[in-house]
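# Structure at a glance
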Amino acid sequence: MRGAVAAGHPLTAQAGADVLAAGGNAVDAAVGAALVSWVAESPLTGPGAGGFMLVHRARDRSTRVYDFFVSVAGLELEQRELADMDRVDVDFSGGSTQVFHIGAASCAVPGSAVGLEEAHRSFGSLPWRDLFGPAIDLARNGVELNKGQAYLHAILDLILRHTPESRAVSERDGERLVAGDMLVQADLANTLELIAEQGGRVLYEGDLAEEISNHLRAHGGCITKQDLEEYRVIRRRPVRASFCGEEYLSNPPPSAGGILIAYGLPLLEELGPGDPGTAEAIDALARVMREQANTRIAAGSVSGLARALETRAAVVSQGTTHISVVDGKGNAVALTSSTGAGSGVIVPGTGIHINNMIGEFDLAKPPRAGARLSSMMSPSVVLKEGRPHLVVGSAGSLRLRGSVLQNVVNVVAHNLPVEDAIDRPRVHLEGEDLHCEGGHDPAELDKLEQMGWNVTRWRRQNLYFGGASAVTFEDGKLAAAGDPRRGGAGVVVE
C-alpha cells in the first residue's frame, strides 16, 4: 500500500510505514505506529493515556472521531474527596517553570488500548496481533534515547523517577537516562503481548484491571474496577468548517481545540491570510487568536461551541504526541494521545504509566464520576474536493490549536510543501503578549510593534510552539513531515 506517515519519533513513523508496506491501510498503520509510540515516546503516551482518532474513509467519504480520552474516576465509591496530590515544578528550557500535580490521586481512567482496538475492529485490514511485533521487540530489547526523548526525560525527571516502579524504568545507577542510553521496558513488553492476544479489554476486566485499581486505590487514587469495566469509546461526528475552498474537519465538543480552530479559520479567510512571515499575515493570525481566546458564545451558530468553551479544557503540556497517516486509497487517520505530564505511577509488573489528567485541573471538588474530561487535542484532516489533502495534529498545550491552525494556513492558503509548513516559525498570543518564534524577519516584527502588538521575540525554534506531524496528498503526490522542534519524522511509502 502506498502512503505516508508522520509522527513525533522516527521509530514511530517507520513502524506505520512498515505496516503500509506490508499491505495495511491507514488505520492499521496508525495502530502499529501508536503501539511503537507507547515504547519510543513513553514519557508522552502509552496504555495509561487517553486520546482521539479521526478516521476518514475513502470508500464513502465518511469521517468519524473515536473519543477514547480519559474519564473521571470514582464510580461505586460512597464518598469522593480530592485527595492530596504530589506537586513538582518542571522547568521547560530557559527558566519557564510550570507546576504539575501527580501521584495516584491525579489519575483519570485511561482509554488508549480500547480506543485503538475499536478503530481497528471497525476499519483495520491486518490481524490485530500482527501489529504488535515491533513494539514488543523495542520494549523488551530497548530503545536508544535520542536527543528529543532525552530532553523530555530531563525536564520530566521528577515525574519519571517519582516512585520505585518508575525509577526501575527511568534510572540507571541512581541517575536519569540521557541521550544514548537504552530504555528497556520488559514489563510493558509483557503487557503488550497480553493485549495482542486478548485485546484491549484485558486492561479493563479481570485480574489485570484489579491490579491496576488496587495499586492506585492503595496510594490515594480513585480508579475502581467499575470505572474500568464501564469505560467505553465514544464515536462522534467531527466539527467542520470551510477554508479557502477546502473543508476542515476536527475533534468536536466536549473538547474545545477543534471547534476553536473551525471558528478561527473562516475569520482568518475574511481578514486575508496575507503572505507568510509578513507583519500583515502575523497580525491577521494574532487577531484570530485573540478572538478565539476571548469568545465564549460569539459563534453560537456553530453547534455546541458554547458548551465546548464553558467546559474547561485539560491543559495538556508537553505530554502529548500525534500521528498522521494517509494511504494510497485516500483513507486518512489523525491520532493524538497523551498521558498529560504523567502521574509518576507505574502499576507494578505491568509497565503501565498512568496519566495525571485530574492533576491538570484546578478543582474545588471532584467532577462527576464517569464524566469525560475535555481537551485541546485537535487531530484534523483537510479535504479538497472530498479527498484528504492534509492530515495534521500537534502537541503543545494551549499552543496546540495555534500550531494546527498555522499548519493548515501554511499548506492550504500559502501552498507550502508540508516540510516547509511545519518548519516555518510560529506565533502564539498569550494574554497581551505576542510570542514570535526564532526565524522571523526582525523587520517584520518591528512592523508588528508599530501596529501596537507587544512582541516577545524568541531566539530560536522551541517546543513551546507545539510539535506537529502532518502528511499531504495532492495530485497523486505524497509527502510527510515530523516537527524538528521535537525530533519528529515523516516517511513516504511508494
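So, here is what we can say about the structure in this document. From a predicted model like this one, the values you see are computed outputs, not experimental measurements.

### Side note on the sheet that holds strand β19 (residues 427–430)
Pairing is mixed in the open sheet, where 3 strands are placed in the order β19-β20-β21. Where the open sheet ends on each side, the last strands, each with one partner, are β19 and β21 (454–457). The sheet shows a mean angle of 25 degrees between the axes of neighbouring strands, direction not considered. Alignment of strand β20 (residues 433–436) against β21, held across 4 bridges, turns out to be parallel.

### Some details on the nonpolar core
Formed by 67 residues in total, the largest nonpolar core has its most connected members in Leu 35, Met 53, Leu 116, Leu 192, Val 325 and Val 333. Here this core takes 12 residues from helix α2 (residues 26–40), the largest share from any one element. With 42 residues, the next largest nonpolar core counts Tyr 248, Val 411, Ile 422 and Ala 470 among its residues.

### Side note on the packing of helix α4 (residues 133–141) against helix α8 (residues 186–198)
Two quantities define a packed helix pair, namely the angle between the axes and the distance from one axis to the other. It is the contact of α4 with α8, at a shortest axis distance of 7 Å, that shows an interaxial angle of 160 degrees. On the basis of the axis angle, α4 is roughly antiparallel to α8. Crossing of α4 against α8: the hand is left-handed. Between α4 and α8, the residues in contact are Ala 135, Ile 136, Ala 139 and Arg 140 and Ala 186, Ala 189, Asn 190, Leu 192 and Glu 193, respectively. The class makeup of the residues in the contact of α4 with α8 is 6 nonpolar, 1 polar and 2 charged.

### Some remarks on the environment of Ile 136
Among the structural elements, Ile 136 can be located in helix α4. Placed 138 residues apart in sequence, Ile 136 and Gly 274 show a C-alpha to C-alpha distance of 48 Å. Those residues in contact with Ile 136 that lie beyond four places of it in its chain are Ala 189, Leu 192 and Glu 193.

### Quick look at the packing of α2 against α4
At a minimum axis separation of 8 Å, α2 and α4 run at an interaxial angle of 10 degrees. When the interaxial angle is binned, α2 and α4 end up roughly parallel. Where α2 abuts α4, its residues Leu 35, Val 36 and Val 39 lie against Pro 134, Ala 135, Leu 138 and Ala 139. Taken together, the residues that form the contact of α2 with α4 break down as 7 nonpolar, no polar and no charged.

### Quick word on the packing of aromatic side chains
Applying the stated rule across the entire model yields 7 aromatic pairs. Centroid distance Trp 458 to Tyr 464: 4.7 Å. Interplanar angle 25 degrees. Geometry classified as stacked. For Tyr 464, a relative accessible area of 15% gives the class buried. Between Tyr 464 and Phe 465 the ring centres are 5.1 Å apart and the planes differ by 75 degrees, which places this aromatic pair in the edge-to-face class. Over the face of the ring belonging to Tyr 464 we find Arg 399, whose NZ or CZ atom lies 4.1 Å from the ring centre.

### Quick notes on the pairing of strand β12 (residues 246–250)
Where burial is concerned, most of β12 is hidden: 4 out of the 5 residues are buried. Looking at chain direction, strand β11 (residues 239–243) and β12 are connected through 5 bridges and run antiparallel. Looking at the pairing, Arg 240 lines up with Leu 249 of β12. Looking at chain direction, β12 and strand β17 (residues 380–384) are connected through 3 bridges and run antiparallel. The partner of Tyr 248 across the bridge, within β17, is Val 382.

### Some remarks on the sheet that holds β11
Sheet architecture is open: 6 strands sit in the order β11-β12-β17-β18-β22-β23, paired in antiparallel fashion. In this open sheet, the two edge strands, each paired with only one partner strand, are β11 and β23 (477–482). For this sheet the average axis-to-axis angle between neighbouring strands, irrespective of direction, equals 15 degrees. In this fold helix α11 (residues 257–271) packs onto β11 and β12, with an angle of close to 15 degrees to the strand it touches most, β11. On top of the sheet, helix α14 (residues 400–413) reaches β11, β12, β17, β18 (387–395) and β22 (467–474); it is set at about 150 degrees to β18, its chief contact.

### Remarks on unusual backbone geometry
Backbone torsion omega between Pro 253 and Pro 254 reads 15 degrees, so that peptide bond is classified as cis. Looking at the element boundaries, Pro 254 is found in the loop between β12 and α11. Despite not being glycine, Arg 61 shows a phi value in the positive range, around 55 degrees. Inspection of the secondary structure puts Arg 61 in the loop between β2 (50–57) and β3 (62–68). Phi at Asn 415 is positive, roughly 55 degrees, even though this residue is not glycine.

Criteria and cut-off values
Counting from 1, residues in each chain are numbered in the order their sequence is written. Local features in a predicted model are, by the rule used here, given only for residues with pLDDT of at least 70; side-chain atom pairs are given and counted only at 80 or more, and totals for whole chains, interfaces and linings are based on all residues. Excluded from the side-chain calculation are hydrogens and water; included are all heavy atoms of the structure. We treat two strands as partners when DSSP finds at least two bridges between them. Where helices and strands are cited, they refer to DSSP runs of H or I of at least four residues and of E of at least two residues respectively, numbered from the N terminus. Here an angle of 0 to 180 degrees is reported between the N-to-C directions of two axes, which are lines fitted to C-alpha atoms, with helices fitted over the stretch in contact. Definition used in this section: a nonpolar core is a set of buried Ala, Val, Leu, Ile, Met, Phe, Trp, Tyr and Cys residues joined via side-chain atoms within 4.5 Å. Burial classes follow relative accessibility: with a 1.4 Å probe on protein chains only, a residue under 20% of its type's maximum area counts as buried, one over 50% as exposed, and anything between as partly exposed. Each angle gets one of four labels, with under 35 degrees taken as roughly parallel, over 145 as roughly antiparallel, 65 to 115 as roughly perpendicular, and the rest as oblique. By definition, any crossing whose near helix is turned counterclockwise from its far helix by less than a right angle is left-handed, and any crossing with a clockwise turn is right-handed. Working rule for contacts: check all heavy atoms of both residues, and any pair within 4.5 Å makes them a contact. Only Asp, Glu, Lys and Arg are considered charged, only Ala, Val, Leu, Ile, Met, Phe, Trp, Tyr, Cys and Pro nonpolar, and every remaining residue, Gly among them, polar. Aromatic pairing here means that ring centres of Phe, Tyr or Trp (its six-membered ring) are within 6.5 Å. Orientation follows from the plane angle: under 30 degrees is stacked, over 60 is edge-to-face, and everything else is tilted. We call a charge positioned over a ring when the NZ of a Lys or the CZ of an Arg lies within 6 Å of the ring centre and within 35 degrees of the ring normal.

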